[in-house]
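Report on the structure
In case you want the letters, here they are:
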Amino acid sequence: MDEIQSQSDHYRSPSSSVSSPANRLPSSNFFYSRKPGALRQPISFEDSPVWDETDIEVKVDEGGDSINAATTPPSPSLSKINSGSLPSPSLIEREVVTRKIAGASIAWKDLTVTIKGKRKYSDKVVKSSHGYALPGTMTVIMGPAKSGKSTLLRALAGRLPDSTRMYGEVFVNGTRRHMPYGSYGYVDRETTLIGSLSVREFLYYSALLQLPGFFCQRRSVVEDAIDAMSLGDYANKLIGGNCYMRGLRSGERRRVSIARELVMRPHILFIDEPLYHLDSVSALLMMVTLKKLATSGCTLIFTICQSSTEVFGLFDRICLLSNGKTLFFGETLACLQHFSNAGFPCPIMQSPSDHFLRAINTEFDRIIVMCKSWQDNHGDLSSVSMDTAIAIRTIETTYRSSADAAAVESMIVKLTEKEGPSLKRKGMAGNATQVAVLTWRSLLIMSREWKYYWLRLILYVFLALCIGTVFSGLGHSLFSVMRRVAAIFVFVSFTSLLGVAGVPSQLKEIKIYTYEESNQHSGAFVFLLGQLFASIPFLFLISISSSLVFYFLIGLRDEFSLLMYFVLNFFACLLVNEGLLLLVASICQNIFWSILSFVSIHVSSA
């Protein structure tokens, strides 16, 4: 402890001058300090921003199975950062409302996740984590890269891969049951959307895949999701996302991916990095939208790497991780006080999340070495002499003995001592409905994307014209019959090999299917049938157009029945070839290896 205390005294931001939090007086520079005895009051800022405190008081009824959440205006939000800075986005002021929320609380106790390493299940990614999330609140899991944020989120959602093993307990409304279908939503970090559909079309097809019932009911759910994510101005705009179809920006695309999960109206929503690849303005708009969603009663749990000061002010609770260890769990303002008590006060001109990550990110040790080397050569760069490992141990030790850790344990006990109402499984669309929806959606995609089948149609006709021209004027001798058989073989072989042009489009469909299958929106058999049925009209159009060119150029018999026989045979070859292409792309799931495998199969069979 002496080493920890001595090392923590050396940790300073360039603007810091006070050496110990115990004897610290309110500074005229940057320190956050909580006044003695004011446990329920926000941290006061000396020459600093003014925070509007909001509390969400959760009371567990003694005689009931529900949680009453009293919500006040979103907490906390910054009204200003410094003089001359922009104010926070104004949120709707509401009266204190007591509402009965069934099935939206989640708590985890002593949660540990291990992954296969050199020894089986030896590497601990998450270590003895405790926490909870309540209705109408936003709980953020924050930490540096590879700290276990996404793994903890997947563990809470029950979506860990087979290579991991989980220990500990996760309670949903006081029970250990898994969350049924439709009671929660999970949004991955990578956005998987269909660029050729508009926002409303994309959400409508997602609702048809997920929900049973009438079409009019699904339309109302889609409109509610659009309003919830503030997408009304973009509802009829194509999503886009490629060089020839720009469409929405990254911020709107991210909100569309969240709206896709909202059509189920989940009680709990898990989001992995909602601010991934977003600029500061898009990030602030995203968090204001999510805050508005949380006030409707939904429980939001998401991961984040870092945020601006205004975005940080919108969080309700924070779970701070480093190397899988929980360094803090509690309200955002209490986290500032916790770091101050541990000897790491946040500077006034620095974002709290940047300050937290600076203190607990071990990658900064390499930067410190570079800074010292630069200082030795130039003598004009202030050094940072704090060892990050010591800082992490200091913060962790302070948290374990703090009132915040005791409050978390007490709250977990209250949430788990009595079982609340169980979350009910929502209905799913039938297999026949899913096949019809996927078929119609794929038809629409194929008709709008010129690289899908229209480009292949042009290439097939051009190839038929080239081969037919080479083998034209053969006459009617026995030798000409052999030449025509060779021409047909060359035509079918080259057109089948030309199907490799559809690999990128098939990989897009497979990527979308993978996401939908992970969220139980569709299955493998349903997806294959939908793709097969959707490709039939386009393949028949390709077969009849190219056959008409090739058939008459090489001088085959001018009879309608024989022409249709040739067309149907060629169509069957294209259909089998399309199935082979889909199979290879599903196994490889990489454009290079898919093309190489597909070409190799055709060359070896020829």
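So, here's what we can say about the structure. (Residues numbered from 1 in each chain as written. Predicted model: local features only at pLDDT ≥ 70, side-chain atom pairs only at ≥ 80, totals over all residues. Heavy atoms only, no water.)

Digging into the packing of aromatic side chains
Overall, the coordinates contain 19 aromatic pairs when judged by the stated rule. In this structure, Arg189 packs its charged tip against the face of Tyr276, placed 5.7 Å from the ring centre. Its end group placed over the ring of Tyr204, Arg219 keeps NZ or CZ at 4.4 Å from the ring centre. (Phe/Tyr/Trp six-rings, centres within 6.5 Å; stacked < 30°, edge-to-face > 60°. Lys NZ or Arg CZ within 6 Å of the ring centre and 35° of its normal.)

Points about the packing of helix α14 (residues 450–470) against helix α17 (residues 524–553)
Angle between the axes and distance between the axes are the two parameters that describe a pair of packed helices. Contact geometry for α14 and α17: axes closest at 8 Å, N-to-C directions at 25°. As far as their axial angle goes, α17 and α14 are roughly parallel. Relative to α17, the crossing made by α14 is right-handed. Side by side, α14 and α17 meet where Tyr452, Tyr453, Trp454, Arg456, Leu457, Tyr460, Val461, Ala464, Leu465, Ile467, Gly468 and Thr469 of the first sit next to Gln531, Ser535, Phe538, Leu539, Leu541, Ile542, Ser545, Ser546, Val549, Phe550 and Leu553 of the second. (Axes fitted to C-alpha atoms, helices over the stretch in contact; angles between N-to-C directions. Helix = DSSP H or I, 4+ residues; strand = E, 2+ residues; numbered from the N terminus. Parallel < 35°, antiparallel > 145°, perpendicular 65-115°, else oblique. Left-handed = near helix turned anticlockwise from the far one by under 90°. Contact = heavy atoms within 4.5 Å.)

Digging into the environment of Val172
With respect to the helices, strands and loops of the structure, Val172 is situated in strand β11 (residues 164–172). Setting aside residues no more than four positions away along its own chain, Val172 makes contact with Ser105, Ile106, Arg177, Met179, Ile268 and Leu423.

So, the nonpolar core
Generally speaking, nonpolar side chains in soluble globular proteins are found buried as a group. Of all hydrophobic cores here, the largest spans 136 residues; its most connected members are Phe270, Met287, Leu290 and Phe315. Element by element, the count of residues in this core is highest for helix α3 (residues 199–210), at eight residues. Residue assignment places this core across two domains, with domain 1 (106–183 + 266–374 + 387–417) and domain 2 (431–605) each supplying three or more. Counting residues in each nonpolar core, the second largest holds nine residues, with Ile510, Tyr513, Phe527 and Phe598 among its members. (Core = buried A, V, L, I, M, F, W, Y, C linked by side-chain atoms within 4.5 Å. Buried < 20%, exposed > 50% of the residue type's maximum accessible area, 1.4 Å probe, protein only. Domains from an automatic or database assignment.)

Description of a nonpolar patch on the surface
Residues Ile591, Phe592, Trp593, Ile595 and Leu596 make up a contiguous nonpolar surface patch of roughly 490 Å² in combined accessible area. Within the secondary structure layout, Ile595 lies in helix α19 (residues 591–605). On the accessibility criterion, Ile595 (31% relative accessible area) is partly exposed. (Patch = residues over 30% accessible without salt bridge, like charges linked within 9 Å, V, L, I, M, F, W, Y side chains within 5 Å. Areas by Shrake-Rupley, 256 points an atom, 1.4 Å probe, with all protein chains shown as cover. Salt bridge = Lys/Arg side-chain N within 4 Å of Asp/Glu carboxyl O.)

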